[in-house]
Amino acid sequence: MPGSQEHDGANNPLFGKSLLSIRQLSRSDIERILGEAESMKLMLDDGKVEQPLRNRIMATLFFEPSTRTRLSFESSMQRLGGGVIGFADANTTSSVKGESLADTVEVVSNYADIIVIRHPKIGSADEAAMHSRVPVVNAGDGAGQHPTQALYDMFTVKAEKGRLEKLNVALVGDLKNARTIRSFAYALAMFGNNLTFIGPRQLQMPGEVLRELSERYGIGVETSESLDDALDADVVYIPRIQKERFADVEEYKRHASNFYTIDKKFMDRATRDPIIMSPLPRLGEISTEIDGMKNAVYFRQAGYGVPVRMAILKMMLAR
Amino acid sequence: MPGSQEHDGANNPLFGKSLLSIRQLSRSDIERILGEAESMKLMLDDGKVEQPLRNRIMATLFFEPSTRTRLSFESSMQRLGGGVIGFADANTTSSVKGESLADTVEVVSNYADIIVIRHPKIGSADEAAMHSRVPVVNAGDGAGQHPTQALYDMFTVKAEKGRLEKLNVALVGDLKNARTIRSFAYALAMFGNNLTFIGPRQLQMPGEVLRELSERYGIGVETSESLDDALDADVVYIPRIQKERFADVEEYKRHASNFYTIDKKFMDRATRDPIIMSPLPRLGEISTEIDGMKNAVYFRQAGYGVPVRMAILKMMLAR
Amino acid sequence: MPGSQEHDGANNPLFGKSLLSIRQLSRSDIERILGEAESMKLMLDDGKVEQPLRNRIMATLFFEPSTRTRLSFESSMQRLGGGVIGFADANTTSSVKGESLADTVEVVSNYADIIVIRHPKIGSADEAAMHSRVPVVNAGDGAGQHPTQALYDMFTVKAEKGRLEKLNVALVGDLKNARTIRSFAYALAMFGNNLTFIGPRQLQMPGEVLRELSERYGIGVETSESLDDALDADVVYIPRIQKERFADVEEYKRHASNFYTIDKKFMDRATRDPIIMSPLPRLGEISTEIDGMKNAVYFRQAGYGVPVRMAILKMMLAR
């Protein structure tokens, strides 16, 4: 386990720090985390038992619904021997008595060694980190960031495509509202991949993000309204449309009705054996008819969340 | 502990399999599980500490309210050293974003070593098992099956009556909608007990079930509308009326108003010292005036849920 | 650790008993608990790992919203190696099927070694204790008692003021409805502190409580409507107004609008370097402008909840 020695060394980019955005990490930081995650995956596959986080407590503060993120964090923490406190529904907490987010976090940071927070407001995780005595993990702040998702998306690319660079990646759908796309795009750019953003014009990635990606990282960046421009991709990433980010239900419906779908026909026409990724849940944008295909990696992708989050928790906490 | 050796042997009927219906088990399978449960009960009584499921994770997916089933499964798993993830309220999950049950299960099966599911739809546990990479326990699928309940109901009969066979058992109430009655009836039939189904005609057990019980197992099967036909029973089993299974509140009220009640008067008239069992919760159908009687076993029955579920979890999971 | 030896001795005032009211404890009982809590705090500060409650299960039955109490109990139990089951929302339980509190407790006491209960009805914890086979901790019964809160309030006074006696303590706000004030006042009285109750006349502490405090404990007891009478206090304790205890929203608003506020101006005018305490959450009654001051101890106070609850759990349960 070459990754293990790095924890107490100066090379651990996560120890004792909050993880708020993928952009706080360098390319070599990401490589180190993915290496540790690889060690974790081998241990899980072997059914080995080790408890480096015994007696450590993780608090999950989820102000928005979640299955994947909350359950995989809680599984990861317990697989490492740690305990979990928290809530899945802010209506059971002092928030209903009018408590501010800052106060809730300040208090809970007395009860736990690490806080994992999901909140509908952009910037809320940063605010939480300012008021916490312990490290904070941003598990999604509205349309903002979701760095641990981006990390296991990268792990998926490595595991399924064998490399992290020089790939054509098509990012499809509601590019404006899907927080996972933005975090993933920055990580992909650091490793020198070419990006094609495919979405209706009103939901395209903002121009300043596109400019920064191409200028700062020197990669190819294209935009398109046609799913046909994903046919020569190595990786197709297609989140659902985020209904809860639309103020207006009618506007949501208008977009949802003429949206992109990955189906068997698309797979037949694709030229570079692309893997299909999704942060899930999916609604109609990935047809169940491809679920059995080797390249339909979205469920395995969800599974990679556990070793990656185990690596992150261990690196942030283990002495 | 004679039961313990059987885990890695060919005789363990649960190892690595889903437990979806009591009918997948034979009489000798049930005896084996109850034997293991007896070992667990002795360990609990002695306060002994053993953790065969250390580092294993159980997911509880409860799409319907529950106290008993969820809490006793979670207690059982932790008493064996394992961890728990899950939800008690589907409104805190991706179900509200429109995710299908199949997808939720497929994802969660990456996070856990076993899934315990309760869902209002008949057949949902079978559907879950088809999409899960890990064994699934049916903890109630609407008016369908609830096999672990039937197993600790059997454990209760053995513990309180000293034997599992040749008993007169009266099953009273809403026979059509109470899923626990059907599972329990099949288990009782396998052991050669006589069954009397007592309920209003509109809520009687369907004819094909009655026929199968009597023809396949060669036991005595009777139906009645009068609680007096329970007076010569050894065991009286009386679940509450399942309000949530009635589409029409008025129909529910009509049934609830003229329903059977086990009270002190009934106990005085009973001829064979019957034990009173209930899956709980109770509403009015068991009077609190008998709570102090030795034969009012329903709370002890709830307690037997822990050693029985410990046995089931250990047999399904322990290497 | 001098406190540890007392567990199996006759001197442990908590072993095997329910903790329902601060009034069941003597002054020396409280000193013993605070001593054990001090040991726990040292262990936490050292990051030492010990698991005296391994394989023990705590059930948290929360019929009312809570962040602090539930999460700090769950953290405390897990830091001691124990497991946790329970609910944060009664709507996910059999209560919605009409089950009585007595029955719920009777059942759950089969699954756990200790029950921690919060319920909106005064006296509900006593009722729970009558129906439980295991010890019960009252974690708030409406406007009634909250003894573990009072114990860590006392711990806070000791830690921050260096002593537990001969202090002037101002208790400010909704004295009629805030359950934490009443429990704390009795504990303070046992140790011979002088109490000033400051609140609008309609929300004053009932006369019989005031009389009992002064006559039974021989301490100084005063009432006032003016916050200026807190200026010469050593300790100022100011809970939020309990909106949920008012039947009438208008009445609540009338009180909330002209209420007391601890701010920088108050701190400047205070003469005895007072510490500011609150059970939290706070609404407007403590200005965030004093959060950075050494004497703003309310967040540290929340943190003391963990070692104090660890001490209580260990003393109640450890063999």
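Residues numbered from 1 in each chain as written. Chains lettered and ligands numbered in written order. Predicted model: local features only at pLDDT ≥ 70, side-chain atom pairs only at ≥ 80, totals over all residues.

Chemist: Mind showing me how you'd approach the overall build of chain A here?
Modeler: What chain A contains, in helices and strands, is 10 helices and nine strands. Taken over C-alpha atoms, the radius of gyration comes to 19 Å for chain A, in line with the 20 Å a tight globule of 319 residues would show. For chain A, the spread of C-alpha atoms along the three principal axes comes to 55 × 50 × 40 Å. Per-residue burial for chain A yields a buried fraction of 54% across its 319 residues. In chain A, the share of contacts with a sequence separation of at least 24, taken over all contacts with a separation of at least 6, comes to 74%. (Helix = DSSP H or I, 4+ residues; strand = E, 2+ residues; numbered from the N terminus. Rg over C-alpha atoms; globule rule 2.2 N^0.38 Å. Buried ≥ 20, exposed ≤ 12 C-beta atoms within 10 Å, placed from the backbone. Contact = placed C-beta atoms within 7 Å.)

Chemist: Honestly, the packing of helix 1 (residues 27-46) of chain A against helix 10 (residues 298-317) of chain A in this entry has me stumped. Any pointers?
Modeler: In helix packing, the relevant descriptors are the interaxial angle and the interaxial distance, both defined with respect to the helix axes. All names here are of chain A. The interhelical angle for the contact between helix 1 and helix 10, taken along N-to-C directions, is 115°, at an axis separation of 8 Å. In this structure, helix 1 meets helix 10 at a crossing whose hand is right-handed. Along the contact surface, helix 1 presents Ile33, Glu36, Ala37, Met40, Lys41 and Leu44, while helix 10 presents Val306, Pro307, Val308, Met310, Ala311, Ile312, Lys314 and Met315. Split by residue class, the contact of helix 1 with helix 10 holds 11 nonpolar, no polar and three charged. (Axes fitted to C-alpha atoms, helices over the stretch in contact; angles between N-to-C directions. Left-handed = near helix turned anticlockwise from the far one by under 90°. Nonpolar A, V, L, I, M, F, W, Y, C, P; charged D, E, K, R; others polar.)

Chemist: Help me out: how do you make sense of helix 1 of chain A in this one?
Modeler: Since the α-helix advances by 3.6 residues per turn, residues separated by three or four positions end up pointing in the same direction. All names here are of chain A. Compared with the 28 Å implied by 1.5 Å per residue over 20 residues, the 29 Å span of helix 1 between its first and last C-alpha is a close match. When we look at burial in helix 1, the residues that qualify are Ile30, Arg32, Ile33, Leu34, Glu36, Ala37 and Met40. At its buried positions, helix 1 is contacted by helix 5 (147-161), helix 6 (179-190) and helix 10. Count one or two residues on from helix 1 and you reach Gly47, which has phi positive near 65°. (Expected span 1.5 Å × (residues − 1).)

Chemist: Before we go on, may I ask you to explain the relation of the copies chain A and chain C in this structure?
Modeler: Mapping chain A onto chain C calls for a screw motion: a turn of 120° about the axis and a shift of 0.0 Å along it, with 0.0 Å RMSD after fitting. Given the turn and translation reported, the copies of this chain are related as if by a three-fold rotation axis. A different interface surface on each copy is seen, since only 4% of the contact residues of chain A are contact residues in chain C too. (Least-squares fit on C-alpha atoms with pLDDT ≥ 70 in both.)

Chemist: Just checking my understanding: could you explain the pairing of strand 2 (residues 83-87) of chain C for this structure?
Modeler: Side-chain positions along a regular strand alternate between the two faces of the sheet. Residue and element names in this part refer to chain C. The buried fraction of strand 2 is high, at five of five residues. Relative to strand 2, strand 1 (residues 57-62) runs parallel, the two being bridged by five bridges. Within strand 2, the position partnered with Ala59 by the bridge is Ile85. (Pairing = 2+ DSSP bridges.)

Chemist: What am I meant to see in the interface of chain B and chain A here?
Modeler: By a frequent convention, interface size equals the accessible area lost on bringing the separate parts together. Across the boundary between the two partners, chain B contributes 23 residues, which contact 20 residues of chain A. Those elements giving two or more residues to the side of chain B that touches chain A turn out to be strand 1 (57-62), strand 2 (83-87) and helix 3 (101-108) of chain B. Looking at the side of chain B that touches chain A, the element that brings in the most residues is helix 3 of chain B, giving five residues. In terms of residue class, the side of chain B that touches chain A is built from nine nonpolar, eight polar and six charged.

Chemist: Hey, could you run me through the sheet that holds strand 5 (residues 168-172) of chain C in this one?
Modeler: Consider a sheet: its strands pair through backbone hydrogen bonds, and that pairing is either parallel or antiparallel. Residues and elements named next belong to chain C. With parallel pairing, the five strands of this open sheet are ordered in space as 7-6-5-8-9. In this open sheet, the two strands that pair with only one neighbour each are strand 7 (221-224) and strand 9 (275-277). When the angles between neighbouring strand axes are averaged without regard to direction, this sheet yields 20°. Pairing geometry for strand 6 (residues 194-198) and strand 7, over four bridges, is parallel. From the neighbouring strand, Thr196 faces strand 7, where its bridge partner is Glu222.

Chemist: So what exactly am I meant to see when it comes to the domain arrangement of chain A here?
Modeler: Residue and element names in this part refer to chain A. In terms of domains, chain A is made up of domain 1 (2-146 + 305-317) and domain 2 (147-302). At the interface, 23 residues of domain 1 touch 20 residues of domain 2. Every element with two or more residues in the side of domain 1 that touches domain 2 is listed here: helix 1, strand 4 (136-141) and helix 10. Examining the composition of the side of domain 1 that touches domain 2, we find that five residues originate from one element, helix 1, more than from any other. (Domains from an automatic or database assignment.)

Chemist: Sorry, what's going on with the nonpolar core here?
Modeler: The tendency in soluble globular proteins is for nonpolar side chains to be buried side by side. Within the largest apolar cluster, 297 residues are counted, with the highest numbers of intra-cluster contacts made by Ile115(A), Ile115(B) and Ile115(C). Excluding its chain neighbours within four sequence positions, the residues that come into contact with Ile115(C) are Ala59(C), Leu61(C), Val105(C), Val108(C), Ser109(C), Ala128(C), Ser132(C), Val134(C) and Val136(C). (Core = buried A, V, L, I, M, F, W, Y, C linked by C-beta atoms within 7 Å.)

Chemist: What am I meant to see in the relation of the copies chain B and chain A here?
Modeler: Copy one and copy two of the chain differ by a rotation about an axis and a translation along that axis. After a rotation of 120° and a shift along the axis of 0.0 Å, chain B superposes on chain A with an RMSD of 0.0 Å. An asymmetric contact is evident, with only 4% of the interface residues of chain B recurring at the interface of chain A.

Chemist: Before we go on, may I ask you to explain the packing of helix 5 (residues 147-161) of chain B against helix 10 (residues 298-317) of chain B in this structure?
Modeler: Residues and elements named next belong to chain B. Running from N to C, helix 5 and helix 10 cross one another at 115°; their axes reach a closest spacing of 9 Å. Relative to helix 10, the crossing made by helix 5 is right-handed. The residues of helix 10 that touch helix 5, namely those facing Thr148, Leu151, Tyr152, Phe155, Thr156 and Ala159, are Gln301, Tyr304, Gly305, Val308, Arg309 and Ile312.

Chemist: For this particular structure, what's the right way to read the sheet that holds strand 1 of chain C?
Modeler: Residues and elements named next belong to chain C. Spatially, 2-1-3-4 is the arrangement adopted by the four strands of the open sheet, whose pairing is parallel. The open sheet terminates on both sides in strands that have one partner only, identified here as strand 2 and strand 4 (136-141). This sheet shows a mean twist of 15° between the axes of neighbouring strands, independent of strand direction.

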